[in-house]
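Spelled out, the chains give:
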Amino acid sequence: MNIIRFRSVIAIFISAISVAYLSCSSNPPSNISGASLIPKPVSVTNSPGWFMLESDAAVYVSSGSDELMKTGNYLAEKLRPATGYKIDVKATDKTPGAGNIFITLAASEPKLGNEGYELVITDKKIVLSANKPEGIFNGIQTLRQLFPSSVELATRQAGPWKVASGTIVDYPEYPYRGVMLDVARHFFGVNEVKQYIDLLACYKINALHLHLSDDQGWRIEIKSWPQLALHGGSTQVGGGNGGYYTQEQYSDLVKYAADRYITIIPEIDMPGHINAALSSYPELNMNNKVTELYRGTEVGFSTIDTKKEVSYKFVDDVVRELAAITTGPYIHIGGDESHVTKREDYIPFVKKVQEIVRSHGKQVMGWDEISLSELGPNTVAQYWSNAQNAQRAVSQGAKVLMSPAAKTYIDMKYDSTTVLGLHWAGYIEVDSAYIWDPAKLVPGIGKENILGVEAPLWTETIADMKDLEYMVFPRLPGIAEVAWSPASSRNWAEYSVRLGRHAARFNALQINYYASKLVPWVKAE
Ligand code: TNX
């Protein structure tokens, strides 16, 4: 075949593929199994017809649970702006009539667990059932994605608000599906974190780990050690004023997240990554002198004096105050890159700090290095770089949270042209963040040893929400699917088409995403 003919054959082939894309990209699709849902549900079954949301539709909630009523209100709030409909929310003792959405805790499937849900859509109504309100909340996220993406717009749109009929039965692969935000290197205020929480909820993420302290900043008010936030929180990478959360603001964040079934895990990084504290209180240093505030991006140069009594008084006060404003089960103690702490000091320090955390009624999380120490009951090791550390944690009976840097570090650049981000763990294109199985990554660590998956965003180079969105989207939806959907049902070629159809949703939500060339983006509906 000569080169010209070869080219025209390729051209015909490409246009055939484009036609195929266009013909199945109508949103919503005529079959529910053609819907571009992320994360992919466990099971989707078609049935003929569709449900049409009309102006007199209401959300009916089976009576008896205030919490369930809240999920009904959340759904109505999501549907009102774009539809322009009133969408009343009403408690009821019986199944409502045609044209309505019904939310109920009468799920028949024990396998749904706490977070799963069942969605049955017919031409008459939408019935969303689950064992627990968190399952309903997850089902609501699926329902949002079943409506045309214009449902996410803030102003009234034309519709029609049609959803293809069928049944979805869905539940997560892993119980912990998280992200980490480093608010120490660059501070992110309460409203910014709330904005992030709203985006996380769309993808059924249920944990937000906040990295609250590092060399460059201390971001949480501690009443018994006030200089930590006042002085230690007064700057950030590159300079500027930094910032911190008062305990009241922090509690507001915890509640905002909990209302969206997201648990906040606070981290105080110790014994290294602690210059902000050392610059606030001289007694925490080996030489009893305060250090300078730090605005650079080096890691691994600071350590608390692990031999002094006062260091443990400090840890106990900080953990006590933090535990009192933490509703979730975990406190993260850091433990990474303590390059200037002697091994013989690091090991007893990590052991004692775990005991302090447990004495305040919380379970411990720490970066994988903590397995060098003896791990106490229920301690979770967060695997980020050293497989041996993770294996040592498992051999001590600990569970592992999977954050392999080469897959989940969403502060890594996409490729060599990405302006933001670092690349010490390699470039992470959108496909690479998706194509991996947490249960097959580290020899000797299987599904039974894994609590879940977390994608950290370190913020040495990330200064604001636009930067954050660019690094998080579109890798986060893929990582959310790795954590939620069974590995056997995942495949990049199919996923990339579904992801491409989320462009209109990203645009409606005004997300500054990276339009990777690896994804067949479908911008218009
Ligand atoms: C390593 S990951 C760190 C962080 C940096 C990050 C940058 C980990 C536990 N420690 O201190 O911010 O690399 O990617």
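You'll find the structure just up there.
Residues numbered from 1 in each chain as written. Predicted model: local features only at pLDDT ≥ 70, side-chain atom pairs only at ≥ 80, totals over all residues. Heavy atoms only, no water.

1. Regarding the sheet that holds strand β6 (residues 126-129)
Pairing is mixed in the open sheet, where 7 strands are placed in the order β1-β7-β5-β6-β4-β2-β3. Because the sheet does not close on itself, it has two edges, and the strands there are β1 (43-53) and β3 (89-92). The mean angle between the axes of side-by-side strands here comes to 25°, regardless of whether they run parallel or antiparallel. In terms of strand pairing, β1 meets strand β7 (residues 161-170) through 8 bridges, oriented antiparallel. Of the residues in β7, the one forming a bridge with Val 44 is Ile 168. Its contacts with the sheet put helix α3 (residues 133-146) on β4 (101-104), β5 (117-121), β6 and β7, and the angle it makes with β5 is roughly 40°. (Pairing = 2+ DSSP bridges. Helix = DSSP H or I, 4+ residues; strand = E, 2+ residues; numbered from the N terminus. Axes fitted to C-alpha atoms, helices over the stretch in contact; angles between N-to-C directions. Contact = heavy atoms within 4.5 Å.)

2. Some remarks on the site of the ligand
Near the ligand there are 14 residues, and of these Arg 185, Tyr 409, Asp 411, Trp 424 and Glu 460 occur at the shortest range. Taking Glu 337, its side chain carries an N or O atom lying 3.1 Å from a nitrogen atom of the ligand. Side-chain polar atom of Asp 411 to an oxygen atom of the ligand: 2.6 Å apart, as the coordinates give it. (Near = heavy atom within 4 Å. Polar contact = N/O pair within 3.5 Å; in protein donor to acceptor, adjacent residues only side chain to side chain.)

3. Focus: the sheet that holds strand β14 (residues 363-367)
Ordered by their spatial adjacency, 8 strands build a closed barrel running β8-β9-β12-β13-β14-β15-β16-β17, and the pairing between neighbours is parallel. Taken pair by pair, the neighbouring strands of this sheet meet at an average axis angle of 30°, ignoring direction. Examined bridge by bridge, strand β12 (residues 263-270) and strand β13 (residues 330-334) share 2 bridges and lie parallel to one another. If you follow Glu 267 over to β13, its bridge partner there is His 332. Those strands touched by helix α6 (residues 247-258) are β9 (207-211) and β12, and its axis lies near 135° from that of β12.

4. A closer look at the pairing of β4
Across a regular strand the side chains alternate sides, sitting on one face of the sheet and then on the other. Here β4 shows no split at all, with Ile 101 and Ile 103 on one side and Phe 102 and Thr 104 on the other all buried. Bridge count for strand β2 (residues 59-62) against β4 is 3 bridges, and the pairing is parallel. Within β4, the position partnered with Val 59 by the bridge is Ile 101. (Buried < 20%, exposed > 50% of the residue type's maximum accessible area, 1.4 Å probe, protein only.)

5. Points about the nonpolar core
Among the nonpolar cores identified, the biggest contains 150 residues, and Trp 218 and Phe 314 are the most heavily contacted of them. With 8 residues, helix α4 (residues 190-202) is the single largest residue contributor to this core. Of all hydrophobic cores here, the second largest spans 8 residues; its members include Tyr 176, Ile 265, Leu 401 and Leu 451. (Core = buried A, V, L, I, M, F, W, Y, C linked by side-chain atoms within 4.5 Å.)

6. As for the packing of helix α8 (residues 309-324) against helix α9 (residues 343-359)
Direction vectors running N to C along α8 and α9 enclose 35°, while the axes themselves pass 9 Å from each other. Of the two elements, α8 crosses α9, and the hand of that crossing is right-handed. Counted together, Tyr 312, Val 315, Asp 316 and Val 319 of α8 and Phe 349, Lys 352, Val 353, Ile 356, Val 357 and Ser 359 of α9 form the full contact between these two elements. In terms of residue class, the contact of α8 with α9 is built from 7 nonpolar, 1 polar and 2 charged. (Left-handed = near helix turned anticlockwise from the far one by under 90°. Nonpolar A, V, L, I, M, F, W, Y, C, P; charged D, E, K, R; others polar.)

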